[in-house]
Amino acid sequence: MATALLGKLLPLSIIYPESFILLKISPRMEYDINGNPTDKQCGYTLRCAETKEFDKVRIKVPLIKLPITQEELDDIKGQKRVFIKVINGRIKPYYSTVTKTIEDSIEADGFEIVESKL
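Our subject in this report is the structure included herewith.

Looking at unusual backbone geometry
In step 1: The phi torsion at Phe-54 lies on the positive side, around 65°, for a residue other than glycine.
In step 2: Following the sequence through the fold, Phe-54 ends up in the loop between β3 (37-50) and β4 (56-62).
In step 3: Residue Phe-54 is classed as partly exposed on the basis of its relative accessible area, which comes to 43%.
In step 4: Here Lys-100, not a glycine, exhibits a phi torsion of approximately 60°, which is positive.
In step 5: With respect to the helices, strands and loops of the structure, Lys-100 is situated in the loop between β6 (90-96) and β7 (101-107).
In step 6: Relative accessible area serves as the criterion here: at 56%, Lys-100 is assigned to the exposed category.

Here is the structure:
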């Protein structure tokens, strides 16, 4: 039986805690109609760990002014963890034809740096 949630955009807060540990920031490129990456950046992918089970997740954000860059994150790595709160986070389960499983697509309008609640 299929899930009623497949393909539905849900608030991220119903699945994950409010804050995440920011691990990496990568540019996200646009793709052409054939599925090939182009040279045009359309946003960023945040590699994060959620703060309960420390599961790793990827969060897509649009091309925005970042509150911290990857270079700044690299400079403080090993000294302290950077905690973020996503702004208007959404999660959408989808069926992956590559892995043949249901996976999550997570997106947000942005993020802000917050103090640790651990």
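A word on the side chain of Glu-50
In step 1: Along the polypeptide, Glu-50 turns up in strand β3.
In step 2: The side chain of Glu-50 is buried and forms no salt bridge, while Lys-52, the nearest opposite charge, is found at 7.0 Å.
In step 3: Of note is the side chain of Glu-50, whose polar atom sits 2.8 Å from the backbone nitrogen of Lys-52.
In step 4: Ignoring sequence-local partners within four residues, the contact set of Glu-50 consists of Tyr-16, Pro-17, Phe-20 and Asp-55.

Examining the nonpolar core
Side chains that are nonpolar tend, in soluble globular proteins, to be buried together.
In step 1: The biggest cluster of nonpolar side chains holds 22 residues, and the ones touching the most others in it are Phe-20, Leu-22, Leu-46, Ile-59 and Ile-84.
In step 2: Of all the elements in the fold, those that place two or more residues in this core are β2 (19-31), β3, β4 and β5 (82-87).
In step 3: Phe-20 has contacts with Leu-12, Cys-48, Ala-49, Glu-50, Thr-51, Val-57, Ile-59, Val-82, Phe-83, Ile-84 and Val-86, leaving out every residue within four places of it along the chain.

With respect to the layout of surface pockets
In step 1: What the largest pocket holds in volume is close to 200 Å³.
In step 2: Together, Tyr-16, Thr-45, Lys-56, Val-57, Arg-58, Ile-59, Lys-60, Tyr-94, Asp-104, Ser-105 and Ile-106 line the largest pocket.
In step 3: Top element by residues in the lining of the largest pocket is β4. It accounts for five residues.
In step 4: Across the lining of the largest pocket, the residue classes break down as five nonpolar, two polar and four charged.

Some thoughts on a nonpolar patch on the surface
In step 1: Together, Leu-6, Tyr-95 and Ile-102 make up a nonpolar patch on the protein surface, roughly 280 Å² of accessible area in all.
In step 2: Within the secondary structure, Ile-102 is located in strand β7.
In step 3: On the basis of relative accessible area, Ile-102 is assigned to the partly exposed category, the value being 49%.

The rules behind the values
- Within every chain, residues take consecutive numbers counted from 1 along the sequence as written.
- With pLDDT at 70 or above as the cut-off, local features in this predicted model cover only qualifying residues; side-chain atom pairs require 80 or more to be listed or tallied, and sums for whole chains, interfaces and linings still use all residues.
- In computing side-chain values, all of the structure's heavy atoms are included and hydrogens and water are not.
- Helix and strand definitions follow DSSP, with helices as H or I runs of at least four residues and strands as E runs of at least two, each counted in order from the N terminus.
- We call a residue buried when its accessible area falls under 20% of the maximum for its residue type, exposed when it is over 50%, and partly exposed in between, using a 1.4 Å probe and counting protein chains only.
- Lys and Arg are tallied as positive, Asp and Glu as negative. Neither His nor the chain termini are counted.
- When a carboxyl oxygen of Asp or Glu is within 4 Å of a side-chain nitrogen of Lys or Arg, the pair counts as a salt bridge.
- Polar contacts, as counted here, are pairs of nitrogen or oxygen atoms within 3.5 Å of one another; within protein the pair requires one atom able to donate a hydrogen and one able to accept it, and residues that are adjacent in sequence qualify only if both atoms are side-chain atoms.
- Should any heavy atoms of two residues lie within 4.5 Å, those residues are considered in contact.
- In plain words, nonpolar cores are sets of buried Ala, Val, Leu, Ile, Met, Phe, Trp, Tyr and Cys residues tied together by side-chain atoms within 4.5 Å.
- Definitions used for this entry: grid spacing 1 Å over protein atoms alone; cavity, a set of points where a 1.4 Å probe fits but cannot get out; pocket, an open set with protein on both sides within 12 Å along at least 5 of 7 lines; lining residue, one with an atom within 4 Å of a point.
- Grid points are joined across faces, edges and corners, and a volume is the space filled by probe spheres set on the points.
- Residues are grouped as follows: Ala, Val, Leu, Ile, Met, Phe, Trp, Tyr, Cys and Pro are nonpolar; Asp, Glu, Lys and Arg are charged; every other residue, Gly included, is polar.
- Patches here are clusters of residues that have more than 30% relative accessible area and form no salt bridge, with a 9 Å joining cutoff for like charges and a 5 Å cutoff for nonpolar side chains (Val, Leu, Ile, Met, Phe, Trp, Tyr).
- A 1.4 Å probe and the Shrake-Rupley method give the accessible areas. Residues count as covered only by the protein chains that appear here.

Purely geometric stuff here, so don't read any function into it on its own.
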